[in-house]
Amino acid sequence: MQLRTTVLAVALIATLACGDDAPGGPSLEGPSYLDATLDGQAWVPDTVTGIMYGTSPDSGNLAIIAGKFEGARQEALIVSVPFPQRGDVALGHFTKAGNGVYQVIPDTAVLARPFLTYTSRDEYPGRLTVAQLSLGDSVATGRFSFQAASSPDTTAHRAVTGSFRVRYRFQQIYTLDDAP
């Protein structure tokens, strides 16, 4: 087990040290942002944050979370991908490491109203490209595109595209070993 972990760690370090950044993303310099379109219309969030979560700061998932607030209405766009990984990542079903979610809470004052949730799906695979990555500065840039469908798939799909630069922070998660 330790040999496998060591080999994986060496391969990861070699990949990050030797790999070129993927083309087509914003620069690493500047504040966090997310430019997105929803069904071809600009979707401008009020907040953007990045959280890399996992059992160690070397690997896990990167979640890019953007929120938009209009009175009591709240919208959220979340894209999550395996991390650290450069290049293309498939966005599929929400149970997979690479996925996208667009959610609308029509009235935060009346939480009994149903949320409208649209997720990326395996049937309509999307793509996120991590264009640039600076582990030392905790910055990732890239672009994404996916179709989001409701569950069950009974409403019109939402086309979501965008680019991002996010300064992320690490959040450790803990796992419990199986009992002897």
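Note that the structure is a prediction, hence the values are computed from the model and not measured. (Residues numbered from 1 in each chain as written. Predicted model: local features only at pLDDT ≥ 70, side-chain atom pairs only at ≥ 80, totals over all residues. Heavy atoms only, no water.)

Glancing now at the overall build of the chain. From N to C terminus, the chain includes one helix and eleven strands. Along the chain, helices (α) and strands (β) appear in the sequence α-β-β-β-β-β-β-β-β-β-β-β when read from the amino end. The proportion of buried residues among the 180 residues of the chain is 37%. Within the chain, residue pairs in contact and separated by at least 24 positions form 60% of the contacts whose partners lie at least 6 positions apart. (Helix = DSSP H or I, 4+ residues; strand = E, 2+ residues; numbered from the N terminus. Buried < 20%, exposed > 50% of the residue type's maximum accessible area, 1.4 Å probe, protein only. Contact = heavy atoms within 4.5 Å.)

Throughout the structure, instances matching the rule amount to five salt bridges. For Glu 123, the salt bridge identified is with Arg 121, shortest N-O distance 3.7 Å. Overall, Glu 123 belongs to the exposed group, its relative accessible area being 53%. Look at Arg 121 and you get buried, because its relative accessible area is 13%. (Salt bridge = Lys/Arg side-chain N within 4 Å of Asp/Glu carboxyl O.)

This brings us to the packing of aromatic side chains. This structure, assessed with the given rule, holds five aromatic pairs. Between Trp 43 and Tyr 102, the aromatic rings sit 6.4 Å apart at their centres with planes inclined by 85°, giving edge-to-face as the arrangement. In this pair, Trp 43 sits in strand 2 (residues 41-43) while Tyr 102 sits in strand 7 (residues 99-105), placing the two residues 59 residues apart along the sequence. For Tyr 102, a relative accessible area of 3% corresponds to the buried category. Among the aromatic residues, those joined into a cluster by ring pairs are Trp 43, Tyr 102 and Tyr 118. (Phe/Tyr/Trp six-rings, centres within 6.5 Å; stacked < 30°, edge-to-face > 60°.)

That is the geometry; function is a separate question.
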